[in-house]
Amino acid sequence: MYFITSNEGKFREVREMASKYGIEIEWLKMEYIEPQGSSLEEIARLSAEMLAEKVEGEFVIEDSGLFVEALKGFPGPYSSYVFKTIGNEGILKLMEGVENRKAYFMAVVAYFDGKEVRTFTGKVEGEISREMRGTQGFGYDPIFLYGNKTFAEMATEEKNQVSHRRKAFEEFFRWLKENKI
Ligand code: ITT
Ligand code: NA
């Protein structure tokens, strides 16, 4: 099955998870314009419906984001754009002197089976660190604390045990096993 994403970090994590279910995932590297939506769920669904017009057969996509409590959920649905512009330094700057460090990652998987779109969601709670730490992973991993380690200080396998992406894809793979294969 094709996983359509421009993000290699996402693809690598998902390929590793899928192999444990005996599912083979192929990377269709493609950057698509995201429709506007108020939630990740809505954006993922609209993106899949749009891609269904262009891509032959079944595929999966995933929309994810970081939600910081003290910033009222920012960057949330704007996570991709915010990462490319102000980046981790920018988030740390916004969080200077802020005591409430609570944040979560959310991922929404949208699967198109050739007929209709179905979505699956996962979430992981953590905190925004005071400084960047670690070199693994991608995106906001160096500033996302889970326990006393950032996601960037964890090997893929360790992050994959607890991540938002793992939870969303696990739900999806289980559903797929029960309903399709
Ligand atoms: P797509 O082509 O799949 O859309 P993208 O990188 O643009 O790739 P999103 O639109 O879903 O992905 O934006 C999510 C943003 O949040 C993006 O900047 C990611 O780097 C970041 N992000 C998502 N999951 C993450 C994770 O597990 N660790 C760190 N950052 C993450
Ligand atoms: Na995107």
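Model, not experiment: these values are computed from the prediction.

What counts as what
Residues numbered from 1 in each chain as written. Chains lettered and ligands numbered in written order. Predicted model: local features only at pLDDT ≥ 70, side-chain atom pairs only at ≥ 80, totals over all residues. Heavy atoms only, no water. Helix = DSSP H or I, 4+ residues; strand = E, 2+ residues; numbered from the N terminus. Buried < 20%, exposed > 50% of the residue type's maximum accessible area, 1.4 Å probe, protein only. Lys, Arg positive; Asp, Glu negative; His and termini not counted. Charge placed at Lys NZ, Arg CZ, Asp CG, Glu CD. 1 Å grid on protein atoms, 1.4 Å probe; cavity = no way out; pocket = protein on both sides within 12 Å on 5 of 7 lines; lining within 4 Å. Points joined across faces, edges and corners; volume = space filled by probe spheres on them. Nonpolar A, V, L, I, M, F, W, Y, C, P; charged D, E, K, R; others polar. Axes fitted to C-alpha atoms, helices over the stretch in contact; angles between N-to-C directions. Parallel < 35°, antiparallel > 145°, perpendicular 65-115°, else oblique. Left-handed = near helix turned anticlockwise from the far one by under 90°. Contact = heavy atoms within 4.5 Å. Near = heavy atom within 4 Å. Polar contact = N/O pair within 3.5 Å; in protein donor to acceptor, adjacent residues only side chain to side chain. Areas by Shrake-Rupley, 256 points an atom, 1.4 Å probe, with all protein chains shown as cover. Sits in = over half its atoms within 2 Å of the grid points. UniProt positions renumbered as here; feature names shortened; annotations may be inferred. Pairing = 2+ DSSP bridges. pLDDT = per-residue confidence, 0-100.

Here the focus is the overall build of the chain. Helix and strand content of the chain: six helices and seven strands. Secondary structure elements of the chain occur, N-terminal to C-terminal, as β-α-β-α-β-α-α-β-β-β-β-α-α. Relative to its 181 residues, the chain shows a buried fraction of 46%. Within the chain, the 31 negative side-chain charges are centred at a point lying 2 Å from the centre of the 25 positive side-chain charges.

So, about the layout of surface pockets. Within this model, the largest pocket holds a volume of roughly 910 Å³. Every residue lining the largest pocket is counted, 37 residues in all, and those nearest its centre are Glu-34, Ser-79, Ser-80, Tyr-81 and Lys-84. Broken down by secondary-structure element, the contributors of at least two residues to the lining of the largest pocket are β1 (2-5), α1 (8-19), α2 (40-52), β3 (59-68), α3 (79-85) and α6 (164-179). For the lining of the largest pocket, a count of residues per class yields 15 nonpolar, twelve polar and ten charged.

It is worth spelling out the packing of α1 against α6 at this point. Orientation of α1 relative to α6, taken along the N-to-C sense of each, is 45°, at an axis distance of 11 Å. Viewed along their axes, α1 and α6 adopt a mutual orientation that is oblique. The hand of the α1/α6 crossing is right-handed. Together, Lys-10, Glu-13, Val-14, Met-17 and Ala-18 of α1 and Arg-165, Arg-166, Phe-169 and Phe-173 of α6 make up the contact between the two elements. A breakdown of the residues in the contact of α1 with α6 according to their chemical character gives five nonpolar, no polar and four charged.

A few words on the site of ligand 1. The full set close to ligand 1 counts 20 residues, and Thr-5, Ser-6, Lys-10, Asp-141 and Lys-159 are the nearest of them. Contact between ligand 1 and Thr-5: an oxygen atom at 2.5 Å from a side-chain N or O atom of the residue. The side chain of His-164 places a nitrogen or oxygen atom 3.3 Å from an oxygen atom of ligand 1. Summarising the interface, the protein chains cover 94% of the accessible area of ligand 1, which totals 610 Å² for the free molecule. Put simply, ligand 1 lies in the largest pocket. Of all the secondary structure elements, the ones that give two or more residues to the shell around ligand 1 are β3, α3 and α6. Counted by class, the shell around ligand 1 contains five nonpolar, eight polar and seven charged residues.

Okay, the UniProt feature "binding site: Mg(2+)" in the chain next. UniProt's feature table lists "binding site: Mg(2+)" at Glu-34 and Asp-63, given in the numbering used throughout. For this annotated set, covering 30 residues, all C-alpha atoms fall within 9.5 Å of each other, a compact arrangement in space. Checked against the lining of the largest pocket, the annotated residues just named reduce to Glu-34 and Asp-63. Mapping Glu-34 onto the fold places it in the loop between β2 (26-29) and α2.

Let us look at the sheet that holds β2. Taken in spatial order, the seven strands line up as β2-β1-β3-β4-β5-β6-β7 in an open sheet, and their pairing is mixed. What marks the edges here is a single partner per strand, and that holds for β2 and β7 (149-150). Direction of pairing for β3 relative to strand β4 (residues 102-112): antiparallel, over a ladder of ten bridges. When the bridges of β4 are listed, Ile-61 appears paired with Ala-110. The sheet contacts of α6 involve β1, β3, β4 and β5 (117-128), and relative to β5 the element is tilted by about 155°.

This paragraph deals with the side chain of Thr-5. Relative to the assigned elements, Thr-5 resides in strand β1. If sequence neighbours within four positions are ignored, Thr-5 has contacts with Lys-10, Phe-11, Trp-27, Leu-28, Lys-29 and Met-30.

Turning our eyes to something else, we now look at the confidence of the model for the chain. Here the chain averages 96 in pLDDT, while 99% of its residues score no lower than 70. ipTM for the predicted complex: 0.98, alongside a pTM of 0.96.

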